[in-house]
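Tertiary structure, described
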Amino acid sequence: MLRLPQFTLERPTTIEEAIQLVADANGRGRFLAGGTDLIPNLKHEFIEADVVVALGGIEALRGIEVTAEGGLSIGPLTSLVDIAESADVQRIAPALAQAVGTIAGPQHRQMGTIGGNVMLDTRCQWINQSHFWRSSLGFCLKKDGSACHVVEGGKRCVAAASNDSAPALATLAATLDFQKAPTEYGNGKRTLAFDELFKADGAWNKKVSADELLTRIHIPATPVGHKGGYAKLRMRGSIDFPLLGVAARLDVDGEGVIEHADIVVIALQARPLRVRKASALLVGAKLGAASYDDALAAVMVAAYEQCHPLPNIPGDHEWRQEMVPIYVKRALAAAIA
Amino acid sequence: MGARDQHGTGAPWGDEFRAVGKSLRKIEGLSKATGEAVYADDIMLPGMLHAKLLRSPHAHARIVSIDTSKALALEGVHAIITGADLPICYGVIPWTKDENALAVDKVRFIGDEVAAVAAIDEDTANAAVRLIEVEYEVLHSYFDPNESLVRHEPAIHPGNKHGNISKRVELEFGDLESAFASADVVMEEDFVFHGSTHAAIEPHCAVARASADGLVTLWSSTQITHYVQREVSRVLGLPQSRLRVIQPTLGGAFGGKSDPFSLEFVVAKLALITGRPVKMLWTREEVFYAHRGRHPMQMRYKTGIKKDGHLTGVEATITIDGGSYSSFGLVTTYYSGQLLTGPYDFPNYRFDSTRVFTNKPPCGPKRGHGSVQPRFAFEIQLDELSEAIGMDPIEVRRVNDIGENTKTVNGQRVTSNGFGRCLDEVERASEWKTRRGKLPLGTGLGVAGSMYISGTNYPIYPNDMPQAGIQLKVDRSGLVTAFTGGNDIGQGSSSVVRTILCEELGLDPLDVRVVAADTDLCPVDLGAYSSRVTFMVGNATIDACRKLRKQIVEAVAAKWEVDAKRVYLGSGEVFDTEQRETKITTREAFEIAEAFHDTLGSTGAYNTPTLGGDYRGGSIGASPAYSFTAHVVEVDVDVETGMIDLKNVWVAHDCGRALNPMLVAGQMEGSAYMGIVEAVFEDHKVNRFGLHSGPSLLDYPLATALDTPELHALIVESIDPEGPYGAKEAGEGPLHPALPALSNAIYDAVGIRLRELPFTPGRVLTALRAKAALDKETKGASC
Ligand SMILES: Cc1cc2nc3c(=O)[nH]c(=O)nc-3n(C[C@H](O)[C@H](O)[C@H](O)COP(=O)(O)OP(=O)(O)OC[C@H]3O[C@@H](n4cnc5c(N)ncnc54)[C@H](O)[C@@H]3O)c2cc1C
Ligand code: SF4
């Protein structure tokens, strides 16, 4: 077995203690939720930490609540299996329940958390490897090296955002509460729209830094005619990260006419990608009518043209591109079903 | 009794079998389920050190210098060794010893072993490994076997006579020219088999201890204790008698633990140097580097057929990518041609196989050694030929069935043969006649057949001693203990021994112990490879049992003052057949025998009869009995994505006699799973830098329960005249037809012929597009 490098393990019981412990580690501290991403990455030594702050003892970070407005307030420490199986999540945010139900395997969903999934590191076949392997390669931009092996001559890491929950949360217009240790400049708290979380750099694809704790995930109420679906491309029926993940949202009126539409794709580059034309093409179409079929065909073309999978994660990227329209179709079908 | 005697195929003592044919639980089943079983990594000895390897970061390089001084200075480091400490070459095949435990002068793939550290714990050893400084001179590296065929400078093995060619075998039987001239249809096509690895769940691990008087004990997760003992003692300069090799409980092997491996030499050497026990456990990544998996092959097959379905001749040209070392490669090269000559009778055959070296992890034997790849190609071509002459592919296979008590074109003796019944079984169970060719677009059925060895008469190193030996100890307690060198690697070899003891001596399974694979305690046995164990160890066990039984019966007869023929022993009771009320328990019989003969015991042995064709290499692949298999695969192809959904595999296998039907069915299902999954998910490859493309079980995906088809084991019993009670092998044969049957099923489903593995969805889609374009063209042309 690969050995886990040495670090100090801290087990705070309050948010305040947790953020202070990471702040005190001067950039060498990490939060640990389920550990299903952090531990392999520490073993592979492209993440290094002197202090690992386990969040498991902080009760305030748990739970799924339905808000007075009919939305959801989710504690980041909630396990993936609890999210996938929650009747409230299935009702209010069906795409999220579906997406989370496809993450990894059953054991990972037991250990893994929704917060850890939001904060998941990017993935690339040249980085998710042991130190020996990466040293034989001569390393890469993301850690210890100067070249990218995906884009020749590339100056920015394009490792793939691979968190299945991300496109679903994006279509649901989720917001995220973060908190870090207070300083003289402020109390350390901020709230970000989900779309604002990511940036196009695979080395660290978040606009928050590693010392900011995700404390709550908010999902606004969805209308009565809300439909959400998720379609995931992977080789096996379980365990595998997405080769492509598509979340679709359709809000329809009483007649089945689409009032709002959104499609977001994951596992392309460092951040989730919204299919820009989706809303324009689908809004006004009526489910079950010819107008919907026409809109669907147009959306599939638009998605194919906009999404460009790279040879960052394993799997034939040209084939993955061909799968984009098909998985857009399947995500919409899952929403309507 | 002589080693080569036959023991008969029926129930030994009476009309019915008592233990044979019963699905007895595996001998180690409960201990594995409860966690009580002790694997190599469970061994902890007082004062034990942990060892780690420094591996080469280059695919091909000369070692200019190694400086271990900084590493040695690290606190907690006890010893460091390099190639200079273990300079003697080894290799499992005596003619191709081209490996060193640690690289001497050169490294030949990324991951090749360079130096080893023993330290107080794993972390210290790992830290020390990073402090070793090696200067390399990087050499041109070979990743494409076609380059190795023609370019020999720099040579991967400079001493090798044929440059980068590891082995070439050309054999011809009959007259190919007239064979193809007399055929109605001749097809010639190229096939590509990618590489795959075993991925046994237990990673390799070894522990060694040297006693003060110089005796070395080595626990290793090996499937061939005997060859490890031979090679490790030779390299260490120890007499074989001073090296004890023990195989603890094993977590799977599939051929991947047949070679002696670097870690075994290294822990033994480090134990001798430090005077402390030393353990080395490999990471999953290191297991991928150790590899010895299935060879990638590029194959060209040319086959002729007559309109009545009879094959006229087969010609094969094969390039085999051996990776960086020889391993079992000499045998692989022979097997790639020698094992194709059944279950079909073709009167003319030629093959030309060339194995080359490349700078990749070394290939070796994986379940179905050397013959899964040719079988893949040939069974697809046979399907195409069937279509060309308009005959049902099962029917074509029937027409060419070689039958029993015959000889193959390359001179191999075939005795029992249940292939025809295997075809009947899969045809019936899959509802072939009513479903094949008639299923909706996307769903299809495909068939394939195969034949495999039950051990061979080629014992790796030539000698006249038994290939299997066993010893029995029995005493007044009623317990019988068998000592066998046969390696139980999870396939059930010790369970087979126990079943036979129960059958022959009328024992309760709990009154039998099997001590296996400990070279100090057990007589030599050649270990678990080439599906030899049930056949050879089984026969040796019967041999030993009959000798022991004779002693016991003789003693009881003397006591009862009756003729020995009247004494029945075999049901837990011993009685006088003519006077039933005179009866005692088996334990009491042992007591009588111990008093009569003094301390009891017996030995048994097995050796193959002289077999094989009368030509160089004619004994390689010559087996005392062949097993036969047929598969029908049912598949769903998603025409939008190209993804393959495996629905059903019907596996009919002729295992001679199923000594334990549950174990036989387990082997059949496991084999079919392993084969079909290789075709769809696995690809053991190196990338453009020569690095393994993903040495982990996430990047090298094995099918989960969700991806596994329904596996239907259909046992066929042909009752082999020489096998133990008629048994033959079941561990490897049932893998072979899975891959070609899948390709043939995909053809039935969507009309594309996949001749290149693996069947990735991208490849399927490309083939579907090509077919659509062709269909359009021909449609256009006919209008
Ligand atoms: C074999 C395997 C397969 C997998 N397959 C998938 C898959 O298909 N899809 C998928 O999306 N993921 C997959 N994963 C990744 C992982 O299991 C999930 O993403 C999981 O949700 C991560 O949650 P965790 O609690 O285990 O995160 P951790 O490993 O504990 O943390 C992940 C990262 O988030 C940070 N973090 C955690 N909680 C917080 C917080 N509250 N605030 C701020 N930062 C935080 C950590 O510091 C760390 O950097 C797989 C993992 C494995 C090992
Ligand atoms: S995208 Fe490039 S820089 Fe980023 S991890 Fe992959 S190889 Fe490294």
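Here the structure is a predicted model, which is why all the values come from computation and not from measurement. (Residues numbered from 1 in each chain as written. Chains lettered and ligands numbered in written order. Predicted model: local features only at pLDDT ≥ 70, side-chain atom pairs only at ≥ 80, totals over all residues. Heavy atoms only, no water.)

1. Comments concerning the domain arrangement of chain A
All names here are of chain A. Keep this limit in mind: Domain boundaries shown here were taken from an automatic or database domain assignment. Contact between two residues is taken to exist if any of their heavy atoms lie within 4.5 Å; hydrogens are not considered. Between Lys or Arg on one side and Asp or Glu on the other, a salt bridge is scored when a side-chain nitrogen of the former is within 4 Å of a carboxyl oxygen of the latter. Polar contacts here mean pairs of N or O atoms no more than 3.5 Å apart (in protein, one a potential hydrogen donor and the other a potential acceptor; neighbouring residues in sequence count only if both atoms are side-chain atoms). Starting at the N terminus, helices and strands are each numbered in turn, a helix being any DSSP run of H or I of at least four residues and a strand any DSSP run of E of at least two.
Splitting chain A by domain gives domain 1 (1-60) and domain 2 (62-123 + 159-337). Averaged C-alpha coordinates put domain 1 and domain 2 at centres separated by 26 Å. Contacts between the two partners involve 20 residues from domain 1, matched on the other side by 19 residues from domain 2. A salt bridge links R62 to E59; the nearest nitrogen and oxygen atoms lie 3.6 Å apart. Our enumeration of links across domain 1 and domain 2 arrives at 4 residue pairs in polar contact (both at pLDDT 80 or more). Mapped by element, the contributors of at least two residues to the side of domain 1 that touches domain 2 are α1 (15-24) and β2 (29-32).

2. Side note on the interface of chain B and chain A
Inclusion rule: By buried area we mean how much accessible surface two parts lose on assembly, using a 1.4 Å probe and totalling the loss over both. Gly is placed with the polar residues, together with every amino acid not listed as nonpolar (Ala, Val, Leu, Ile, Met, Phe, Trp, Tyr, Cys and Pro) or charged (Asp, Glu, Lys and Arg).
In this complex, chain B contributes 41 residues to the contact, which on the side of chain A involves 34 residues. Counting each side, the surface lost to burial between chain B and chain A is near 2900 Å², with a carbon and sulfur contribution of 55%. In this assembly, chain B and chain A are joined by 7 salt bridges. Between E640 of chain B and R330 of chain A there is a salt bridge, and its shortest N-O distance comes to 2.8 Å. Counting across the chain B and chain A interface gives 13 residue pairs in polar contact (both at pLDDT 80 or more). Considered class by class, the residues forming the side of chain B that touches chain A number 19 nonpolar, 11 polar and 11 charged.

3. Focus on the pattern of salt bridges
All names here are of chain B. In plain terms, the rule: The cut-offs for exposure are 20% and 50% of the maximum accessible area for each residue type, with area from a 1.4 Å probe on protein chains only; residues under the lower value are buried, those over the upper are exposed, and the others partly exposed.
Scanning all chains against the criterion turns up 75 salt bridges over all chains. The partner of E170 in a salt bridge is R350, and the shortest N-O contact between them spans 3.8 Å. Linking E170 in strand β7 (residues 165-173) with R350 in strand β15 (residues 349-356), this pair joins segments that are 180 residues apart in sequence. By relative accessible area, E170 is classed as partly exposed at 46%. Under the relative-accessibility criterion, R350 is labelled buried at 18%. Here K473 ties to D475 by a salt bridge, and the two come within 3.4 Å at their closest N and O atoms. Looking at K473, the relative accessible area reads 32%, which means it is partly exposed. Several salt bridges converge on common partners, so that one network encompasses R375, E379, D383, E387, R397 and R753.

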